[in-house]
Amino acid sequence: MEFSRRYWITLSFFGVIALVLLWGEHKVHILGALPWLIILLCPLMHIFMHGGHGGDHSGHQHGSKKEDHHEQ
C-alpha cells in the first residue's frame with residue numbers, strides 16, 4: 001500500500017502537535033527520569049560498543065608473552 005506525500009505531511013504535523021502537548025504536560029516526569037534512563041543505557045552501550053566478548057580474538061592477544069616480556 002503506497003501512501004501519498006500529503007498523508008505523511010499530515011501525519012508528521014499531528015505527531016509534532018502530540019509531542020508538544022506531551023512535553024508541556026509531562027516535562028517534569030521526563031526530566032526527572034532522565035538520569036535513570038542514562039544509567040540504564042550504560043549496559044546497552046557496553047554491549048554494543050564492545051561488540052560482545054565471545055567473538056573471535058583475531059589480532060588481539062591480551063596477556064601474551066610478547067607484551068609481558070620486558071628486557072632489562
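Structure's up top.
Overview of the structure. Remember, it's a predicted structure, so these values are computed and weren't measured experimentally.

## Description of helix H1 (residues 5-50)
Okay, so step 1: In a regular helix each residue adds 1.5 Å, so 46 residues correspond to 68 Å; H1 covers only 40 Å between its end C-alpha atoms and thus falls short of that length.
Okay, so step 2: Its maximal kink placed at His 26, H1 deviates by approximately 80 degrees.

## What about the packing of aromatic side chains?
Okay, so step 1: As enumerated under the stated definition, the model contains 4 aromatic pairs in all.
Okay, so step 2: Between Phe 3 and Tyr 7 the ring centres are 4.4 Å apart and the planes differ by 20 degrees, which places this aromatic pair in the stacked class.
Okay, so step 3: Its relative accessible area of 37% is what places Tyr 7 among the partly exposed residues.
Okay, so step 4: Ring centres of Phe 3 and Trp 8 lie 5.9 Å apart, and the angle between their planes is 85 degrees; this geometry places the pair in the edge-to-face category.
Okay, so step 5: For Phe 3, a relative accessible area of 37% puts it in the partly exposed group.
Okay, so step 6: A relative accessible area of 45% places Trp 8 in the partly exposed class.
Okay, so step 7: Every member of this aromatic cluster is reached through a ring pair, and the members are Phe 3, Tyr 7 and Trp 8.

## A short note on a nonpolar patch on the surface
Okay, so step 1: The grouping of Trp 23, Ile 30, Leu 31, Leu 34, Leu 37, Ile 38 and Leu 40 at the surface amounts to a nonpolar patch, some 670 Å² of accessible area in total.
Okay, so step 2: One can find Leu 40 in helix H1.

What counts, and where the lines are drawn
Residues numbered from 1 in each chain as written. Predicted model: local features only at pLDDT ≥ 70, side-chain atom pairs only at ≥ 80, totals over all residues. Heavy atoms only, no water. Helix = DSSP H or I, 4+ residues; strand = E, 2+ residues; numbered from the N terminus. Expected span 1.5 Å × (residues − 1). Bend = angle between axes of the 7 residues up to and from the residue. Phe/Tyr/Trp six-rings, centres within 6.5 Å; stacked < 30°, edge-to-face > 60°. Buried < 20%, exposed > 50% of the residue type's maximum accessible area, 1.4 Å probe, protein only. Patch = residues over 30% accessible without salt bridge, like charges linked within 9 Å, V, L, I, M, F, W, Y side chains within 5 Å. Areas by Shrake-Rupley, 256 points an atom, 1.4 Å probe, with all protein chains shown as cover. Salt bridge = Lys/Arg side-chain N within 4 Å of Asp/Glu carboxyl O.

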